[in-house]
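This is what each chain is made of:
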Amino acid sequence: MFDRLAVLVQYLLPKLAITLLAGRVAGVHGGSFTTRLIDWFVKRYQVNMQEAANPDAASYATFNEFFTRALKDGARPLASADLICPVDGAISQFGAIVGDQIFQAKGHHYSSTALVGGDAALAAQFMDGHFATLYLSPGDYHRIHMPCDGVMRRMIYVPGTLFSVNPSTARGVPGLFARNERVVCVFESARGPFVLVLVGATIVGSMATVWHGVVNPPRSTAVREWRYDDRSVQLKQGAEMGRFLLGSTVVMLFPKGPLQFNLTWSPAAAVRLGDAMASQPVL
């Protein structure tokens, strides 16, 4: 019953207006107001500021600066693994893509073609492949890092709605991750192509990548695409690739082949940046 009520509220809320307002508040240089807001947030979500490169909450000029704070060097050692976890968060779902269908929650699947914005040729590269969906709660570290070495090929902005992406909404909104606004990042690696999708949500003011900067705003009603054939954007395993200004979800797609997820992984389990995610031998 609680899930149904939570989802009903999601449909009724003016999600874009709330998101725009939250983005403005998060970006304002508010002095003591900003410091109080950060202090409240740290206590409410039990943020471990001792892991931050700058642990002084009062030194952040805006809430966004705090929210996208860097970690201390060595705070997230990288496992010796073919694929590492790219974020702090919790496992939503992971496993095999069945045909082009990705498991969202009990009773809900969505297509890889819908996820990447309707590009059937791109989605076909992941037919019967593998996926992992990771949820970042408000208190998590919100920079996103590379699961392996990769060369950037394309970035696609896909307009959409702004439902919350918390577990109850994932259970109640069909096709959630293929309905929300998102940024699809397409990479080439030694093990073949992979996709890392940044999924927007209510009050996610913007999403940014290290090679482009802020992708949204501006928001548009049409798919936008950038190609990187004329310049090399190469990122090493563990390097930062992007960030959320307020929290959300990442979805990764990998092609069909011998990929084995970490045997200790299970839905709802906590994960941290740098954890071993999967083995994926070079073919």
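Note: the structure precedes this text.
Everything numeric in this text was worked out from a predicted model, so none of it was measured. (Residues numbered from 1 in each chain as written. Predicted model: local features only at pLDDT ≥ 70, side-chain atom pairs only at ≥ 80, totals over all residues. Heavy atoms only, no water.)

A. Representation of the sheet that holds strand 11 (residues 213-216). Taken in spatial order, the four strands make up an open sheet running 6-14-10-11, and their pairing is antiparallel. This sheet does not close on itself; its edge strands, each paired only once, are strand 6 (143-145) and strand 11. Each neighbouring strand pair of the sheet contributes to a mean axis angle of 25 degrees, computed without reference to strand direction. In this sheet, strand 14 (residues 240-245) lies alongside strand 10 (residues 206-209) in antiparallel orientation, the contact comprising four bridges. Bridging from a neighbouring strand, Thr-209 pairs with Gly-242 of strand 14. (Pairing = 2+ DSSP bridges. Helix = DSSP H or I, 4+ residues; strand = E, 2+ residues; numbered from the N terminus. Axes fitted to C-alpha atoms, helices over the stretch in contact; angles between N-to-C directions.)

B. Representation of the pattern of salt bridges. Following the criterion strictly, the structure yields ten salt bridges and no others. For Arg-76, the salt bridge identified is with Asp-88, shortest N-O distance 2.7 Å. In this pair, Arg-76 is assigned in the loop between helix 4 (63-67) and strand 1 (83-84) and Asp-88 in the loop between strand 1 and strand 2 (89-96), connecting sequence segments twelve residues apart. Given a relative accessible area of 11%, Arg-76 falls into the buried group. Overall, Asp-88 belongs to the buried group, its relative accessible area being 5%. Of the charged contacts in the structure, one is a salt bridge between Asp-149 and Lys-236, with a shortest N-O distance of 3.8 Å. On the criterion of sequence distance, the pair formed by Asp-149 in the loop between strand 6 and strand 7 (150-158) and Lys-236 in the loop between strand 13 (234-235) and strand 14 is long-range, its members being 87 residues apart. Take Asp-149: its relative accessible area is 38%, and that puts it in the partly exposed class. Given the relative accessible area of 59%, Lys-236 is considered exposed. Among the charged side chains, a network of salt bridges with common partners joins Glu-51, Arg-76, Asp-88 and Arg-272. (Salt bridge = Lys/Arg side-chain N within 4 Å of Asp/Glu carboxyl O. Buried < 20%, exposed > 50% of the residue type's maximum accessible area, 1.4 Å probe, protein only.)

C. Spatial organisation of helix 3 (residues 32-44). In this model helix 3 runs 18 Å from its N-terminal to its C-terminal C-alpha over 13 residues, within 8% of the 18 Å that 1.5 Å per residue would give. Buried residues along helix 3 sit against helix 4. Directly beyond the C-terminal end of helix 3, a positive phi value near 50 degrees is found at Gln-46. (Expected span 1.5 Å × (residues − 1). Contact = heavy atoms within 4.5 Å.)

D. View of the side chain of Arg-143. Here Arg-143 is to be found in strand 6. In terms of polar contacts, Arg-143 uses its side chain to reach the backbone carbonyl oxygen of Thr-68, at 2.7 Å. Side chain to side chain, Arg-143 and Glu-240 meet in a polar contact 3.1 Å long. Ignoring any residue separated from it by four or fewer positions in sequence, one finds Arg-143 in contact with Thr-68, Arg-69, Ala-70, Pro-86, Val-87, Glu-240, Gly-242 and Arg-243. (Polar contact = N/O pair within 3.5 Å; in protein donor to acceptor, adjacent residues only side chain to side chain.)

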